[in-house]
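# Chains, contacts and geometry: an overview
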Amino acid sequence: MGEIYNEVRGRHAVKILERMHSFYEASVLCNFELVVGNDRIPVHKLILITNSDYFKSKLTDITSEIILEDCQEILSKTVKMAIEFFYLGEIDMDLHQVPKVIEFAKVIQADKLEKYCLDYLEKITNTENFLFIEKYAKQNGYLQLLDQTKTYVTNNYLEIIQKEQFLNMSRDRLGELLQSDYLKVTTEEQAFQGLKIWIQMDIESRKIHLNTLLKYIRLPLLSVQFLLQEVKPLCYSSSSSELMWDILEWYQNPKTRSCLSLLNSTPRMSAKQTILIVGGNSIEISGEVETYDNSVERWSTFYNLNNKNRWFQAVILDSKLITIGGNVDGVSTNKVYCLDLASKQTTELKEMLQARELFKATVVNGQVFVFGGRDVDNDVDDDFYDNFNDDIDAHILKSTERYDPASNSWISLAPMLSNRYNHEIAAIANEIYIIGGQLDGANYVNTMEVYNINQNKWTVAPPMKEKRGNFAAVTLGDHIYAIGGYNGTSSYPNSVERFDVKSQTWTYVEKYPQSKCDQKAVAFNDKIICVGGNSSSLFEYDPSTDKWTSRGSISQCRTYFNILLAPMDLLKIE
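First, a word on what this report is: a plain description of the structure on this page. (Residues numbered from 1 in each chain as written. Predicted model: local features only at pLDDT ≥ 70, side-chain atom pairs only at ≥ 80, totals over all residues. Heavy atoms only, no water.)

## Some remarks on empty space enclosed by the protein
Where empty space is left becomes clear once a probe the size of a water molecule has been rolled over the atoms. In plain terms, the rule: Buriedness of a pocket was judged along seven lines, with at least five required to meet protein on both sides within 12 Å; pockets are open sets of points on a 1 Å grid over the protein atoms alone, cavities are sets where a 1.4 Å probe fits but cannot get out, and lining residues have an atom within 4 Å of a point. Grid points are joined across faces, edges and corners, and a volume is the space filled by probe spheres set on the points. Under the scheme applied, nonpolar residues are Ala, Val, Leu, Ile, Met, Phe, Trp, Tyr, Cys and Pro; charged residues are Asp, Glu, Lys and Arg; polar residues are all the others, including Gly.
Enumeration according to the criterion identifies one cavity of 30 Å³ or more in this entry. Volume-wise, the largest cavity comes out at about 140 Å³. In terms of lining residues, the largest cavity is bounded by 16 residues, among which Gln313, Leu358, Lys360, Lys520 and Tyr560 are the most central. The residue makeup of the lining of the largest cavity, split by class, is seven nonpolar, five polar and four charged.

See below:
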């Protein structure tokens with residue numbers, strides 16, 4: 001009954017105000033006048049008092065008019081718009097009238113009118129007027145509106161760069177936009193195209209800004225072919241060839257990269273990413289590549305690798321799925337394959353220097369790094385771990401390699417401090433952390449060591465609180481999370497530890513909802529998705545609340561699989 005009563009009361013109030021508005025239009029029963037210049041506007045006194053603290057403080061029983069001397073720059077048309085809002089709760093106005101209405105709302109302390117105008121500006125933000133609204137919000141300190149408009153520009157970059165307003169954007173504002181990690185582009189080539197359009201609009205006067213703005217493009221993410229065909233001509237036409245040489249040096253000589261700190265190689269955040277599960281063991285060895293649609297919590301098969309490989313590693317590199325090493329028919333392999341996610345064509349790449357399985361791989365600065373694992377050249381049955389013996393200890397590796405896609409070649413790097421397999425890996429900036437794992441068939445460890453990419457050097461890092469192998473690890477911000485696993489004593493801890501890179505300390509966070517091993521985790525939308533292992537469950541961890549939440553399950557139980565992020569549009573997911 002209460003809801004019905006409120007609805008009826010609301011309709012009744014609207015009708016009363018509409019009736020009063022008709023009286024206002026006909027100047028019927030209006031007991032007050034607003035004087036704006038030479039214009040006198042009759043209005044109902046009660047309406048003004050109800051909507052404006054200014055009028056409430058000024059009007060008395062005997063007051064019959066107010067001369068709006070504080071509003072000399074405001075036309076009577078603007079005042080009438082405000083009065084329309086007082087009666088009807090809405091105004092028929094265009095974009096360029098809004099600032100005057102807001103100015104008047106401030107003078108008469110009509111907060112609801114001011115908020116209505118700001119909400120109106122938020123609703124009409126589009127590619128035709130974003131620059132006007134953004135400038136107005138900045139000049140008047142409307143931070144929420146400014147943030148909303150900037151978010152719109154960032155999310156609609158590919159439309160914005162085709163509009164005339166974009167050509168009038170200031171150099172500083174364009175620089176701010178190109179620096180954003182949240183710029184909505186599917187490739188870095190698209191980010192560069194906006195810069196190119198802006199420069200070429202007036203190349204003679206704007207070419208002096210190219211060297212500065214070009215540094216905001218994630219140049220190492222561009223292909224060499226694109227650099228030569230698109231970037232190089234613009235650089236030389238704008239006298240920025242020095243930066244072009246730095247870019248090419250990045251590709252040709254990895255040893256100099258630490259000196260080229262101005263070249264940002266971190267991929268931008270993408271709102272449209274999906275989770276890939278690649279390979280693993282289910283009922284039998286699986287070559288399926290499955291994708292996850294977060295909006296409907298549903299998995300679907302994207303591709304089948306059609307191989308009998310297990311214990312391999314997979315990474316995403318230049319929008320391609322790279323599968324590395326593993327074990328085929330009981331023998332470790334050094335084979336490397338590339339699946340183009342767009343065309344679904346597979347090619348074979350240069351093989352690793354060392355055959356390996358149960359190792360870890362990651363991508364940093366457009367290069368693939370692999371660490372440790374083991375090399376087995378005899379048949380391995382399902383009970384291999386239980387019967388692991390000293391005869392093959394020598395096959396446990398501490399070697400590391402790096403793959404350069406530009407030259408399609410592998411090179412050896414400084415070896416790890418200890419041999420290990422079934423470990424985990426986490427990369428932050430130019431450091432790669434190797435965590436836990438097994439030193440042999442029986443000894444699980446909690447140790448951690450760090451590889452510095454720039455120095456090609458290893459150092460010891462603080463150990464975890466618990467020994468773990470076959471666990472999940474993931475990087476989120478400046479933290480590394482170690483989840484579950486096996487400790488070698490017939491125990492499957494469900495504890496979760498978090499490593500703070502800044503303080504170099506491990507602390508416990510909320511326990512994982514299940515005790516198991518072989519699960520995998522990935523950072524997704526500022527949360528952690530952990531899935532699989534010896535169950536098909538999927539859980540989501542929110543670091544802001546320190547809580548795990550069930551998010552359904554995968555299609556089947558999997559172990560020793562890979563979990564990755566890939567662009568949704570590249571996979572043709574709507």
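## Notes on the side chain of Arg558
Formally: For helices the rule is a DSSP run of H or I covering at least 4 residues; for strands it is a run of E covering at least 2, with both sets numbered from the N terminus onward. Throughout this description, a polar contact denotes any pair of N or O atoms lying within 3.5 Å of each other; where both atoms belong to protein, one of them has to be capable of donating a hydrogen while the other can accept it, and for residues adjacent in sequence the pair is counted only when both atoms sit in side chains. Contact criterion: two residues are considered in contact whenever any of their non-hydrogen atoms come within 4.5 Å of each other.
Within the element layout of this structure, Arg558 appears in the loop between strand E29 (547-553) and strand E30 (562-567). Among the polar contacts listed, one links the side chain of Arg558 to the side chain of Glu290, at a separation of 2.7 Å. Aside from chain neighbours lying at most four places away, what touches Arg558 is Ile277, Val278, Gly279, Asn281, Ser282, Ser286, Glu288, Glu290, Asp518, Gly532, Gly533 and Ser535.

## Focus on the environment of Lys123
With respect to the secondary-structure elements, Lys123 resides in helix H6 (residues 111-123). With 25 residues separating them in the primary sequence, Lys123 and Gln148 have C-alpha atoms 9.9 Å apart.

## Some thoughts on the nonpolar core
The test is simple: For this analysis, a nonpolar core means a set of buried residues of the types Ala, Val, Leu, Ile, Met, Phe, Trp, Tyr and Cys, connected via side-chain atoms within 4.5 Å. The classification of residues rests on relative accessible area computed with a 1.4 Å probe and restricted to protein chains. Under 20% of the type maximum is buried, over 50% is exposed, and intermediate values are partly exposed.
Ranked by size, the top nonpolar core spans 43 residues in total, and within it Leu34, Phe55, Val79, Leu113 and Leu121 carry the most contacts. Per-element accounting of this core gives the leading share, seven residues, to helix H4 (residues 76-88). Beyond its immediate chain neighbours, meaning those up to four positions away, Leu121 contacts Leu95, Val98, Ile102, Ile133, Tyr136 and Leu145. Formed by 30 residues, the second largest nonpolar core is a distinct cluster that contains Val153, Leu178, Leu195 and Cys235.

## A look at the environment of Ser180
As for its placement among the helices and strands, Ser180 is situated in the loop between helix H11 (171-179) and helix H12 (188-201). Note: C-alpha distance between Ser180 and Tyr216 (36 residues apart in sequence) is 8.6 Å. Setting aside residues up to four positions removed in sequence, Ser180 forms contacts with Thr154, Arg218 and Arg268. Of note is the side chain of Ser180, whose polar atom sits 3.0 Å from the backbone nitrogen of Tyr182.

## Considering the packing of helix H5 (residues 98-107) against H6
The cut-off we apply is this: Simply put, an axis is a line fit to the C-alpha atoms, just over the touching stretch for a helix, and the angle between two N-to-C directions goes from 0 to 180 degrees. Orientation categories follow fixed angle ranges, with anything under 35 degrees roughly parallel, anything over 145 roughly antiparallel, 65 to 115 roughly perpendicular, and all other angles oblique. For any pair of crossing helices, the crossing counts as left-handed if the nearer helix is rotated counterclockwise from the farther one by less than a right angle, and right-handed if it is rotated clockwise.
Closest axis-to-axis distance for the H5/H6 pair is 8 Å, and the angle between their directions is 155°. As summarised for this structure, H5 and H6 are arranged roughly antiparallel, according to the angle between their axes. Seen along the crossing, H5 lies across H6 with a hand that is left-handed. Contact residues: Val98, Val101, Ile102, Ala105 and Lys106 in H5; Leu113, Glu114, Cys117, Leu118, Tyr120 and Leu121 in H6. Class assignment of the residues belonging to the contact of H5 with H6 gives a composition of nine nonpolar, no polar and two charged.

## Focus: H11
Among the residues of H11, Arg173, Leu174, Gly175, Leu177 and Leu178 are the ones counted as buried. The inward-facing, buried residues of H11 contact helix H7 (130-139), helix H8 (143-155), helix H9 (157-160), helix H10 (164-167), H12 and helix H14 (210-214).

## Points about the pairing of strand E19 (residues 431-435)
Residues in a regular strand project their side chains so that they alternate between the two faces of the sheet. Selection criterion: Any two strands with at least two DSSP-identified bridges between them are counted as paired.
Where burial is concerned, most of E19 is hidden: four out of the five residues are buried. The sheet contact formed by strand E18 (residues 424-428) and E19 spans five bridges and is antiparallel. Residue pairing in the sheet places Ala426 in a bridge with Tyr433 of E19. Linking two consecutive strands that pair antiparallel, namely E18 and E19, is a turn of two residues; a positive phi of about 55° is found at Ala429 within it. Pairing analysis gives five bridges linking E19 to strand E20 (residues 448-452), with the strands arranged antiparallel. Bridging across to E20, Ile432 finds its partner in Tyr451.

## As for a negative patch on the surface
The condition that has to hold: Residues forming no salt bridge and having over 30% relative accessible area are the ones grouped into patches, like charges within 9 Å of each other and nonpolar side chains (Val, Leu, Ile, Met, Phe, Trp, Tyr) within 5 Å. Surface accessibility follows the Shrake-Rupley procedure with a 1.4 Å probe radius. Residue values consider only the protein chains on display as shielding. Just to be clear on terms, a salt bridge is a Lys or Arg side-chain nitrogen sitting within 4 Å of an Asp or Glu carboxyl oxygen. Residues scored as positive are Lys and Arg, those scored as negative are Asp and Glu, and His as well as the terminal groups of each chain are ignored. Positions of charges follow a simple convention, taking NZ of Lys, CZ of Arg, CG of Asp or CD of Glu.
Together, Glu18, Glu90, Asp92 and Asp94 line one region of the surface with negative charge. Mapped onto the elements of the fold, Glu18 is located in helix H1 (residues 2-25). Exposure remark for Glu18: the relative accessible area of 45% places this residue in the partly exposed category.

## Regarding the packing of aromatic side chains
Note the following rule: By convention, a stacked pair of Phe, Tyr or Trp rings (six-membered ring in the case of Trp) has centres within 6.5 Å and planes under 30 degrees apart, an edge-to-face pair has planes over 60 apart, and any other such pair is tilted. Any Lys NZ or Arg CZ found within 6 Å of a ring centre and within 35 degrees of that ring's normal is scored as a charge over the ring.
Following the criterion strictly, the structure yields 20 aromatic pairs and no others. Taken together, Tyr481, Tyr512, Phe539, Tyr541 and Trp548 form an aromatic cluster joined through their ring pairs. In this structure, Arg206 packs its charged tip against the face of Trp198, placed 4.1 Å from the ring centre. Above the ring of Phe302, the side-chain terminus of Lys344 is found at 4.5 Å from the ring centroid.

## Overview of the pattern of salt bridges
Following the criterion strictly, the structure yields 22 salt bridges and no others. One salt bridge in this structure joins Glu33 and Arg40, with 2.9 Å as the shortest N-O distance. Using a relative accessible area of 26% as the deciding quantity, one classes Glu33 as partly exposed. Exposure remark for Arg40: the relative accessible area of 44% places this residue in the partly exposed category. Among the salt bridges present, the one from Glu103 reaches Lys100, with a minimum N-O distance of 3.8 Å. Of the two residues, Glu103 and Lys100 are both situated in helix H5; the distance of three residues between them amounts to about one turn of the helix. Overall, Lys100 belongs to the partly exposed group, its relative accessible area being 34%. Because the salt bridges share partners, they merge into one network encompassing Glu134, Lys150, Arg173 and Glu176.

## A few points about the sheet that holds strand E27 (residues 527-532)
Read across the open sheet, the four strands follow the order E26-E27-E28-E29; overall the sheet is antiparallel. Only two strands of the sheet have a single partner each, and these edge strands are strand E26 (519-524) and E29. When the angles between neighbouring strand axes are averaged without regard to direction, this sheet yields 25°. With four bridges connecting them, E27 and strand E28 (residues 537-542) associate as antiparallel partners. Looking across to E28, one finds that Ile528 is bridged to Tyr541.

## Structural notes on the side chain of Glu134
Mapped onto the secondary structure, Glu134 falls in helix H7. Judged by its relative accessible area of 8%, Glu134 falls in the buried class. A polar contact of 2.4 Å, which involves the side chain of Glu134, links it to the side chain of Arg173.

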